[in-house]
Amino acid sequence: MTMIADEGAQELRPRSELTARELLREVGSVLRLSEAEAAKLGDLPEDPDEDQTMIINMGPSHPSTHGVLRLMLELQGETVLRCKPIIGYLHTGMEKTGEQLTFMQGGTNVTRMDYASPLNNELVFSMATEKLLGIDGDIPERAQWMRMLLSELNRMSSHLLFMATNGMDLGAVSMMIYGWREREEVLRFFQKVTGLRMNHNFVRPGGLAADLPPGWRDDVLRILDLLPERLEEYDILMTGQPIWRERLQGVGVITPNEALALGATGPILRSTGVEWDLRRHDPYLRYDEVEFDIIVGSYGDAFDRYAIRLNEIRESMRIVRQILDRMPEGDYRIQDKKVTPPPRARIDESMEALIHHFKIFTEGFKVPEGEVYVAIESPRGEIGCYIASDGSPTPYRMHVRAPSFVNIQCLPHMMRGGLVADAVAVISSVDPVLGEVDR
Amino acid sequence: MTDTPEAQSEDATEEAEASIPEPEMLGCPMTESRGQIVLHVARDRYVEVAKQLADEGYAMCVDLTAVDYLKHMDRELPTSVIGERFEIVVNLLDITHSRRIRLRTQVPEADATIATLFDLYPGTEAMEREVFDMFGISFEGHPDPSRILMPEDWNGYPLRKDFQVGTIPVQFKGAAS
């Protein structure tokens, strides 16, 4: 019965065993050159002697790999010549699981992918489901603005987590404590609203699970009043500090063309100077009604990516303030009997409501046949959800385009020619969440 | 029963509908799915069409995935497209005009191969490996055709619809069996 599948090794192998194409990929050449252009560059540098280089393994459980990312590096002295990320250590078959769960239950699954921004995952899944149902235009205003509020707060908590881990990776250990501390303030708000700090399953097809609790406005205002001075502390601690700049500036550089070719999105693409943010260029929810700036970098290095995320926290706060001013009254979910369970109070007095409630939670609702791809801007880039439905209450195929999974392909490119010590800074600046990479 | 004028005009519109050619783009049948543009590309024109679209400004391949339609072979397709078991789904993005397009290509089970888009969009490297890993569709010309998420000695392709869930013993890499 045992059959050895021979599809090649996943590890980084000696140069002598590689084809030219694979080698080029591993040293991080991604740009498409015409033959004339290549001729202009002259001869490519010769391969170093194999006794001068060493292939070492980093991870999968290394403190700076943000989970279980494993890297294999080819080193010459302290210089990284090649790099290959090896992933899959956290693979739990979530796309397969998604085919077993109804559209109603699907949120519990997708929310666990990018565990640093769960609400954005739920949002994209819900939006894809709504588009398939054809109710994406009927979602009540309050639900749209509530979703925006949660999405922006989630962006802040995710970027604060990045501040913490980025600081920790580069030796600014006190930053780790500060970042976690501020993130906790946001998570405390999430706990009050959704009941959970993470993995909320709060955004659902048709709207949200519940309305905002009393006193939510004061809680948000408290976070908004607290954060600006804390962010200024970060500026003093890191942004202007020479050691911090030395560690990040000019490290892990990527050009706009390379980022586009590799499919990188989010802060990585914006750090190269490309102004691309789905909130602005492909607006969803009510992002076309709020004012905010897109933060772009100019050098495409790790410092730009740090600065972009820091300033995106400030922009998110700006958006949240506008949401507070404009939050409309009304329903927090669509009153479509097909997708919305009856209110709790009705269940006690009406048999039909009880049956309806039971049916919707056991069988789920049927979604018309079709296929759809919906993308939104998560803190890490474009998160997309492709759902193919065969008309049953479960997705026939549910695929999540995970930004970290694609962004992680930039690593060989960013690390090439850098130092081993900078490898950690580069991984950190890509900000991968391994739950989403492996799914 | 004689034909009433109404019935005649209905027949006429039906005939007219049948004679209207299917909408096309770059020689491929084009459909709309919930307002999103979908191109049904034949397998032998897959790279060629992608190249034309790349030249038109679709500079980024945001997503490449596959669907196994084993249990849903009667899905809706343009009349000129014959449904096969597998379908490669590619989402392209043009950031200058902020528009998207989706390519769907039928891949038969008997010959589950397709050309790679790696030379056009290097970012598809990991995605194609994932599709290979999960569906067993191989990409001709891919520089590193190894499994990406599952262990390299894993048997079977988990996202295929006939992959037995829960009935096979868990395989551990390198463990004595």
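Residues numbered from 1 in each chain as written. Chains lettered and ligands numbered in written order. Predicted model: local features only at pLDDT ≥ 70, side-chain atom pairs only at ≥ 80, totals over all residues.

(A) The arrangement of the overall build of chain B in detail. Helices and strands together make up the secondary structure of chain B, namely three helices and eight strands. Going from N to C terminus, chain B has its helices and strands arranged as α-β-β-β-α-β-β-β-β-α-β. Looking at chain B as a whole, 37% of its 177 residues qualify as buried. Put simply, 54% of the contacts in chain B that link residues at least 6 apart link residues at least 24 apart. (Helix = DSSP H or I, 4+ residues; strand = E, 2+ residues; numbered from the N terminus. Buried ≥ 20, exposed ≤ 12 C-beta atoms within 10 Å, placed from the backbone. Contact = placed C-beta atoms within 7 Å.)

(B) Just the overall build of chain A, in detail. Looking only at helices and strands, chain A has 19 helices and eight strands in total. Computed over its C-alpha atoms, the radius of gyration of chain A comes to 23 Å, within 12% of the 22 Å expected for a compact globule of 439 residues. In chain A, which comprises 439 residues, the proportion classed as buried is 50%. Long-range pairs, those at least 24 residues apart, make up 70% of the contacts in chain A between residues at least 6 apart in sequence. (Rg over C-alpha atoms; globule rule 2.2 N^0.38 Å.)

(C) The arrangement of the confidence of the model for chain B in detail. Chain-level statistics for chain B give a pLDDT mean of 82 and a share of 83% at 70 or above. As scored by the predictor, the complex reaches a pTM of 0.87 and an ipTM of 0.84. (pLDDT = per-residue confidence, 0-100.)

(D) Representation of the packing of helix α8 (residues 216–239) of chain A against helix α13 (residues 302–326) of chain A. Residues and elements named next belong to chain A. The contact between α8 and α13 brings their axes to 11 Å, and the two run at 160°. In terms of their interaxial angle, α8 and α13 are classed as roughly antiparallel. Regarding α8 and α13, the two cross each other, and that crossing is left-handed. Each of R217, V220, L224, L227, L231, Y234 and T239 in α8 lies in contact with α13, whose residues at this interface are A307, L310, I313, R314, M317, V320, R321 and L324. (Axes fitted to C-alpha atoms, helices over the stretch in contact; angles between N-to-C directions. Parallel < 35°, antiparallel > 145°, perpendicular 65-115°, else oblique. Left-handed = near helix turned anticlockwise from the far one by under 90°.)

(E) View of the interface of chain A and chain B. With 46 residues of chain A at the contact, the number on the chain B side is 38 residues. Elements with a minimum of two residues in the side of chain A that touches chain B: α1 (20–26), α3 (94–100), α5 (118–133), α10 (256–262), β6 (370–378), β7 (381–389), β8 (397–401) and α16 (403–407) of chain A. Split by residue class, the side of chain A that touches chain B holds 18 nonpolar, 13 polar and 15 charged. (Nonpolar A, V, L, I, M, F, W, Y, C, P; charged D, E, K, R; others polar.)

(F) The confidence of the model for chain A, seen in detail. For chain A, the mean per-residue pLDDT works out to 86, and 93% of the residues sit at or above 70. Here residues 1–5 of chain A is modelled with pLDDT under 50, and outside its nearest four sequence neighbours on either side it reaches six contacts, counting other chains as well.

(G) Fine view of the sheet that holds strand β4 (residues 60–68) of chain B. Residues and elements named next belong to chain B. Strand order in the open sheet made by the six strands is β1-β2-β3-β6-β5-β4, with mixed pairing throughout. Edge positions in the sheet fall to β1 (24–25) and β4, since each has one partner strand and no second. Along the sheet, helix α2 (residues 46–56) contacts β2 (28–33), β3 (36–41), β5 (86–94) and β6 (99–107); its crossing angle with β6, the most-contacted strand, is approximately 175°. Along the sheet face, helix α3 (residues 124–135) touches β4 and β5 and points at about 5° away from the line of β4. (Pairing = 2+ DSSP bridges.)

(H) Here's a closer look at the packing of helix α6 (residues 141–169) of chain A against α13 of chain A. Residue and element names in this part refer to chain A. For the pair α6 and α13, the least separation of the axes is 9 Å and the interaxial angle reads 155°. When the axes of α6 and α13 are compared, the pair comes out roughly antiparallel. Crossing geometry of α6 relative to α13 is assigned as left-handed. Where α6 abuts α13, its residues W145, M148, L149, E152, L153, R155, M156, H159, L160, F162, M163 and N166 lie against Y306, R309, L310, E312, I313, S316, M317, I319, V320, I323 and R326. Its residues assigned to classes, the contact of α6 with α13 shows 15 nonpolar, three polar and five charged.

(I) Structural detail: the sheet that holds β8 of chain A. Residues and elements named next belong to chain A. The strand order β6-β7-β8 describes an open sheet built from three strands, whose pairing is antiparallel. Whereas interior strands pair on both sides, the edge strands pair on one side only; in this sheet they are β6 and β8. On average, adjacent strands in this sheet sit at an angle of 10° to one another, irrespective of strand direction. Here β7 runs beside β8; their pairing, made up of five bridges, is antiparallel. For G384, the partnering residue across the bridge sits in β8 and is R401. Contacting β6 and β7, α5 runs over the sheet at an angle of about 150° to β6.

(J) Seen up close, α8 of chain A. All names here are of chain A. For α8, with 24 residues, the first-to-last C-alpha span of 32 Å sits near the 34 Å given by 1.5 Å per residue. The sharpest bend along α8 reaches about 30° and sits at L227, with the proline P228 one to four residues further on. Within α8, burial applies to V220, L227, Y234 and M238. Buried residues along α8 sit against α6, α7 (173–194), α9 (242–248) and α13. (Expected span 1.5 Å × (residues − 1). Bend = angle between axes of the 7 residues up to and from the residue.)

(K) Just the environment of L354 of chain A, in detail. All names here are of chain A. Tracing the sequence through the fold places L354 in helix α15 (residues 351–362). When the 14 C-beta atoms within 10 Å are taken as the criterion, L354 is described as partly exposed. Sequence separation between L354 and R344 is 10 residues; the distance between their C-alpha atoms is 9.2 Å.

(L) Seen up close, unusual backbone geometry. The phi angle at L285 of chain A is positive, at roughly 45°, despite the residue not being glycine. With respect to the helices, strands and loops of the structure, L285 of chain A is situated in the loop between α12 (278–281) and α13. C-beta crowding within 10 Å serves as the criterion here: with 21 such atoms nearby, L285 of chain A is assigned to the buried category. In this structure, R34 of chain B takes a positive phi of about 50° despite not being glycine. Examined against the element boundaries, R34 of chain B turns out to sit in the loop between β2 and β3. A tally of 17 C-beta atoms within 10 Å means that R34 of chain B is categorised as partly exposed.

(M) Spatial organisation of the nonpolar core. Residue and element names in this part refer to chain A. Counting 150 residues, the largest nonpolar core has V124, A128, L411 and V426 as the members making the most contacts within it. Considering each element in turn, this core owes the most residues, 14 residues, to α6. Excluding residues that lie within four positions of it along the chain, V124 makes contacts with V374, I376, I383, G384 and C385. (Core = buried A, V, L, I, M, F, W, Y, C linked by C-beta atoms within 7 Å.)

(N) Representation of the environment of P214 of chain A within the structure. With respect to the helices and strands, the residue P214 of chain A is situated in the loop between β5 (207–208) and α8. On the neighbour-count criterion, P214 of chain A (7 C-beta atoms within 10 Å) is exposed.

(O) Structural detail: the pairing of β8 of chain A. For β8 of chain A, the buried fraction is high: five of the five residues fall into the buried class. Where burial is concerned, the two faces of β8 of chain A agree: the one with R397, H399 and R401 of chain A and the one with M398 and V400 of chain A are both buried.

(P) Structural view of α6 of chain A. Residues and elements named next belong to chain A. Relative to the 42 Å expected for 29 residues at 1.5 Å per residue, α6 spans 42 Å between its end C-alpha atoms, a close match to the ideal helical length. In terms of burial, α6 is a largely internal element, 26 of the 29 residues being buried. With its phi angle positive at about 95°, G171 sits one or two positions after the end of α6.

(Q) Spotlight on the pairing of strand β3 (residues 79–86) of chain A. Residue and element names in this part refer to chain A. Most of β3 sits inside the fold, with seven of its eight residues counted as buried. Pairing of strand β2 (residues 70–76) with β3, which is carried by seven bridges, proceeds in the antiparallel orientation. Within β3, the residue paired with R70 across the bridge is I86. Where β2 hands over to β3, the hairpin turn is made up of two residues, of which G77 adopts a positive phi near 65°.

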